[in-house]
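What the coordinates show
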Amino acid sequence: MIVKRYIVDSMQEALAKIRYELGNDAVIVSQRKIRQKGFLGFFKPKKLEVTAAADDKNKKQDKNQPSKELEKEITELKEMVETLVKTQTDSSLAETKTSKKTAKLKIKDKLVESDVPEEIVEEIINRTRNKLSDKKVTNKKLEVEIINTLKETIKTADVDNKRIHVFVGPTGVGKTTTIAKLASIYTLYKNKKVGLITIDTYRIGAIEQLKSYAEILGVPFEVVFSIKDIPKILENMKKCDILLIDTTGRNSKNAMQIAETKQFIEKIQPDNVYLVLSMTTKQKDLKLIIENYNALGYNSLIFTKLDETEIYGGIITSSYTSGKPISYITTGQNVPEDIELADPSKLFKLVMGEE
Ligand SMILES: Nc1nc2c(ncn2[C@@H]2O[C@H](COP(=O)(O)OP(=O)(O)OP(=O)(O)O)[C@@H](O)[C@H]2O)c(=O)[nH]1
Ligand SMILES: [Mg+2]
């Protein structure tokens, strides 16, 4: 049996020493606080005296050779420290990675502020990233490229040279008013012979609304009550340079209504189908409308009521979802003043809040 006394500052220190010198099986025989010796001992903090005992066989064979247990513990400790360091490095690496990825892309904030749905924003950013051959681009470069993607997304189309135009879209977005504006411009400023047709016999007053514009402009006007009337009506209007055809506003979620309008369009065989969308529509709904109206094979977009909002993210949402060009934008109820040919750079500035 070996008995040893340790004067230490703490129990922790004592245990470490005992374990090291006497082994794991050592037992503490006693402990007490003692005052340090010497003149100044009184003023110094008390020390701890610990007495421990261990069997001879447990005594370390060689003070300089750590015991098996200690060796094991040291290895375990080493491993723990290594894992700790690794986890810390990993997480700080991950942090830098994500912070790089999500690091304030100003353009992203702009799009989100403009109510562009999150999934569209992410798609635009990912599409841009994939386009870049160098995957380790700086945020600055990525921003520039995203702006390019956005600019590419906003396409415009001049469909003035086409003859038969059908206007489709949800209820109340401004289809009839837009037709009246365009009919006035073609007649009064472009010297074209316009014919107005409506297949909207659904809503009370719809016929009269377009008819009154036709009368003011002095242009031919026809109502399609049934699909079978179409060939005859088109024949009646064969001398017109441009035919503008109004349709009933449809709830895009009603597939039956969409299918009904589709039958008319198939019979008319227009050169261009405009999908008329209001900028005041929520962008999640715009996305849905665009997808549901796909069945009608529209070629270009008209955005109305830009005067009624200050958030123009719908331009991106609609262009991105449809992939179709924008032909006109309308900015008020006045016929014919409040309509403009779509200008991509102006539209982009609107989205960015720079216009
Ligand atoms: N502020 C504003 N109002 C508009 C604009 N375009 C149309 N409107 C108004 O929106 C309302 C509906 O217009 P309509 O042309 O009847 O809409 P519609 O799409 O033909 O409607 P339905 O035939 O019922 O589906 C009217 O009060 C128009 O004056 C625009 O650009 N800005
Ligand atoms: Mg209408």
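Residues numbered from 1 in each chain as written. Chains lettered and ligands numbered in written order. Predicted model: local features only at pLDDT ≥ 70, side-chain atom pairs only at ≥ 80, totals over all residues. Heavy atoms only, no water.

The name an unreviewed UniProt entry assigns to the protein is Flagellar biosynthesis protein FlhF, from the organism Caloramator mitchellensis. The UniProt entry for the protein carries this comment under Function (unreviewed entry): "Necessary for flagellar biosynthesis. May be involved in translocation of the flagellum." (UniProt positions renumbered as here; feature names shortened; annotations may be inferred.)

1. Looking at the sheet that holds strand β8 (residues 272–278)
One open sheet accounts for eight strands, arranged β6-β5-β7-β4-β8-β9-β10-β11; its pairing is mixed. The strands lining the two open edges of the sheet, one partner per strand, are β6 (221–223) and β11 (339–341). Direction aside, the axes of adjacent strands within the sheet are offset by 20° on average. Bridge count between strand β10 (residues 326–330) and β11: three bridges; the pairing is antiparallel. The partner of Y328 across the bridge, within β11, is L341. Where helix α9 (residues 255–268) meets the sheet, its contacts fall on β4 (164–168), β7 (242–246) and β8, and the angle it forms with β4 comes to roughly 175°. Running over the sheet, helix α10 (residues 283–293) touches β4 and β8 and is turned about 160° from β8. (Pairing = 2+ DSSP bridges. Helix = DSSP H or I, 4+ residues; strand = E, 2+ residues; numbered from the N terminus. Axes fitted to C-alpha atoms, helices over the stretch in contact; angles between N-to-C directions. Contact = heavy atoms within 4.5 Å.)

2. Observations regarding the site of ligand 1
Around ligand 1, the surrounding shell holds 19 residues, and the nearest of these are K175, T176, T177, D307 and T330. Within the side chain of K175, one N or O atom sits 2.8 Å away from an oxygen atom of ligand 1. Here ligand 1 loses 84% of its free accessible area of 650 Å² to cover by the protein chains. When residues in the shell around ligand 1 are grouped by element, the largest group, four residues, is from helix α6 (residues 175–189). By residue class, the composition of the shell around ligand 1 is one nonpolar, eleven polar and seven charged. (Near = heavy atom within 4 Å. Polar contact = N/O pair within 3.5 Å; in protein donor to acceptor, adjacent residues only side chain to side chain. Areas by Shrake-Rupley, 256 points an atom, 1.4 Å probe, with all protein chains shown as cover. Nonpolar A, V, L, I, M, F, W, Y, C, P; charged D, E, K, R; others polar.)

3. Some details on the nonpolar core
If you look at the biggest cluster of nonpolar residues, it comprises 55 residues, and the most contacted ones within it are L150, F303 and I315. The dominant element in this core, judged by the number of residues it contributes, is helix α12 (residues 344–352), at five residues. The residues touching I315, leaving out its near neighbours within four places in the chain, are I154, M279, F303, I326, L347, L350 and V351. Membership of the second largest hydrophobic core comes to 24 residues, among which are L182, V219, Y274 and V276. (Core = buried A, V, L, I, M, F, W, Y, C linked by side-chain atoms within 4.5 Å. Buried < 20%, exposed > 50% of the residue type's maximum accessible area, 1.4 Å probe, protein only.)

4. Quick notes on a negative patch on the surface
A surface patch of like charges, here negative, comprises D25, D55, D56 and E69. Following the sequence through the fold, D56 ends up in the loop between β3 (47–54) and α2 (68–102). (Patch = residues over 30% accessible without salt bridge, like charges linked within 9 Å, V, L, I, M, F, W, Y side chains within 5 Å. Salt bridge = Lys/Arg side-chain N within 4 Å of Asp/Glu carboxyl O. Lys, Arg positive; Asp, Glu negative; His and termini not counted. Charge placed at Lys NZ, Arg CZ, Asp CG, Glu CD.)

5. Observations regarding the pattern of salt bridges
Side chains that differ in sign of charge can pair as their charged atoms come close. In total, this model carries 16 salt bridges according to the counting rule given. Taking the shortest distance from any N to any O, the salt bridge between K131 and E152 comes out at 3.7 Å. Taken together, the residues span a long stretch of sequence, with K131 in helix α4 (residues 118–131) and E152 in helix α5 (residues 139–153) at a distance of 21 residues. Where E235 meets K238, a salt bridge forms, and the shortest distance between an N and an O atom there is 2.8 Å. What makes K238 exposed here is its relative accessible area of 54%.

6. Examining the pairing of β8
Buried residues dominate β8, accounting for seven of its seven residues. With four bridges joining them, β4 and β8 adopt parallel strand pairing. Considered in β8, the bridge of V166 is made with V273. Pairing between β8 and strand β9 (residues 300–304): five bridges, direction parallel. For Y274, the partnering residue across the bridge sits in β9 and is S300.

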